[in-house]
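Here is how the chains run, residue by residue.
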Amino acid sequence: LIRISICCWCGHVLPNMVAAGVEAAAAVGAGLNEVFKYNRENFKYDREMRQKSELQILNFRLKQAGLWRDDVRDIIGMTEKKMDSYLLISTLQLGMCAGLFCEGRLEP
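Residues numbered from 1 in each chain as written. Predicted model: local features only at pLDDT ≥ 70, side-chain atom pairs only at ≥ 80, totals over all residues. Heavy atoms only, no water.

Attention now goes to the overall build of the chain. A tally of helices and strands in the chain yields two helices and two strands. Out of the 108 residues belonging to the chain, those deemed buried represent 1%. Counting every atom, the chain has about 10400 Å² of accessible surface; 64% of that belongs to carbon and sulfur. (Helix = DSSP H or I, 4+ residues; strand = E, 2+ residues; numbered from the N terminus. Buried < 20%, exposed > 50% of the residue type's maximum accessible area, 1.4 Å probe, protein only. Areas by Shrake-Rupley, 256 points an atom, 1.4 Å probe, with all protein chains shown as cover.)

Before going further, it helps to examine the pattern of salt bridges. Oppositely charged side chains can pair when the atoms bearing their charge come close. Enumeration over the complete set of coordinates arrives at three salt bridges. Put simply, E48 and K52 hold a salt bridge, and the shortest N to O gap is 3.4 Å. With E48 and K52 both in helix α2 (residues 40-103) and four residues apart, the pair spans about one turn of that helix. With relative accessibility at 40%, the residue E48 sits in the partly exposed group. Note that E54 is salt-bridged to R50, the shortest N-O span being 3.4 Å. Here E54 pairs with R50, and both are found in helix α2, just four residues apart, close to one helical turn. The class of E54 is partly exposed, set by a relative accessible area of 42%. (Salt bridge = Lys/Arg side-chain N within 4 Å of Asp/Glu carboxyl O.)

So, on to the confidence of the model for the chain. Summarising the model, the chain shows a mean pLDDT of 80, and 74% of its residues fall at 70 or more. In the model of the chain, strand β2 (residues 13-15) stands out as the element of lowest mean pLDDT, 55, in contrast to α2, which has the highest, 90. (pLDDT = per-residue confidence, 0-100.)

What follows is the structure, encoded as structure tokens:
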């Protein structure tokens, strides 16, 4: 493709200016493509590893919250068992007190 162009500054005839422009644009496009591809694989690998790391951290946090819930259940369960023991002892003491008040003395 040969075209004749006229320079805007001096008015000279400039042949092959369009072809040179197309070649320059192609070179710039290829250069931009190489710049884009540069280190892209490493970038994708790093992003994948970072995402896996963040998901692992979230899994650790979920497991930690589950352990906290188990601890709360254990504490509540211990309190419930203690209350069962206290109920038994309180019932025996109440029976002894009722026996003292009604009869005045306990049998040996």
